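Architecture at a glance
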Amino acid sequence: MSQVRFEHRKVAPEALRGYDVAPQRVRLTAESFSSVFRVTAASAVYALRVGSTWQIHPRQTAAVEAACHLRLRQQGVHVPGVLANAGGEATTLVTDGQALPRTCVLFDWVAGRPLRTCMNTGRAAALGRLSARRHQDAAAWSPQGAGDVLRADRVLYWQAPERLAMAGRRFGHGTLFTDAAARAQPALD
């Protein structure tokens, strides 16, 4: 078991204590920079995202994400709901003895197969339409606190040093990564 998975498994139960949810089963379903747990309760199923201690996004990002999800749901778009914790917040910060807190968010579980197992041309086009709709909506509406979060107007927009050039040299790809990022930027512009 990786160290990340072990640490996230310790944080998940602590985060869930902050919600009005009585989990019967908590199972890791995805692991990457953040980990996602399927939380089964008597009345519903949820997805708990446990963030890394390394914060690459501004602090208000999850709250803005929750506001965007709510707005999309009100417009009839099928996106997961974000459950507020006992304090009414969209995020729960868990330290679990760590120096840096982990940001956790509890979503409604969206049933179905992962897109990577059933992607086709029609679904890819639908995702493109949804992405375009979100960009149009974001240009016309901005929730409270959005000034400090990602605008998605750059290829790489994290609060971390950009390492593409170094990775290209290290793995023998030269300028491949930086060239690709430079080619993608005009599409975002």
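Model, not experiment: these values are computed from the prediction. (Residues numbered from 1 in each chain as written. Predicted model: local features only at pLDDT ≥ 70, side-chain atom pairs only at ≥ 80, totals over all residues. Heavy atoms only, no water.)

We now examine the pattern of salt bridges. All told, the structure shown has three salt bridges when counted by the stated rule. A salt bridge links glutamate 14 to arginine 17, with the shortest nitrogen-to-oxygen separation between them at 3.1 Å. Arginine 73 is the partner of aspartate 108 in a salt bridge, and the nearest nitrogen-oxygen pair spans 3.9 Å. Of this pair, aspartate 108 sits in strand 6 (residues 102-108) while arginine 73 sits in helix 2 (residues 61-74); the two residues are 35 residues apart in sequence, bridging distant segments of the chain. The partly exposed category is assigned to aspartate 108, whose relative accessible area is 27%. (Salt bridge = Lys/Arg side-chain N within 4 Å of Asp/Glu carboxyl O. Helix = DSSP H or I, 4+ residues; strand = E, 2+ residues; numbered from the N terminus. Buried < 20%, exposed > 50% of the residue type's maximum accessible area, 1.4 Å probe, protein only.)

Another aspect to go through is the pairing of strand 6. Counting buried positions over the seven residues of strand 6 gives six, a clear majority of the element. Examined bridge by bridge, strand 3 (residues 45-50) and strand 6 share five bridges and lie antiparallel to one another. When the bridges of strand 6 are listed, leucine 48 appears paired with leucine 106. Pairing analysis gives two bridges linking strand 4 (residues 82-83) to strand 6, with the strands arranged antiparallel. Of the residues in strand 6, the one forming a bridge with leucine 83 is leucine 106. In this structure, strand 5 (residues 92-94) lies alongside strand 6, joined through three bridges in antiparallel fashion. Its bridge partner being in strand 6, threonine 92 is matched across the sheet by cysteine 104. (Pairing = 2+ DSSP bridges.)

Along strand 2 (residues 35-41), the buried face is formed by Ser35, Phe37, Val39 and Ala41; none of Val36, Arg38 and Thr40, which line the opposite face, is buried. In this sheet, strand 2 lies alongside strand 1 (residues 23-31) in antiparallel orientation, the contact comprising seven bridges. By the bridge assignment for strand 2, leucine 28 is matched with phenylalanine 37. Two successive antiparallel strands, strand 1 and strand 2, enclose a turn made up of three residues. Between strand 2 and strand 3, which pair antiparallel in sequence order, lie three residues.

All quantities given are derived from atomic positions and should not be read as evidence of function.
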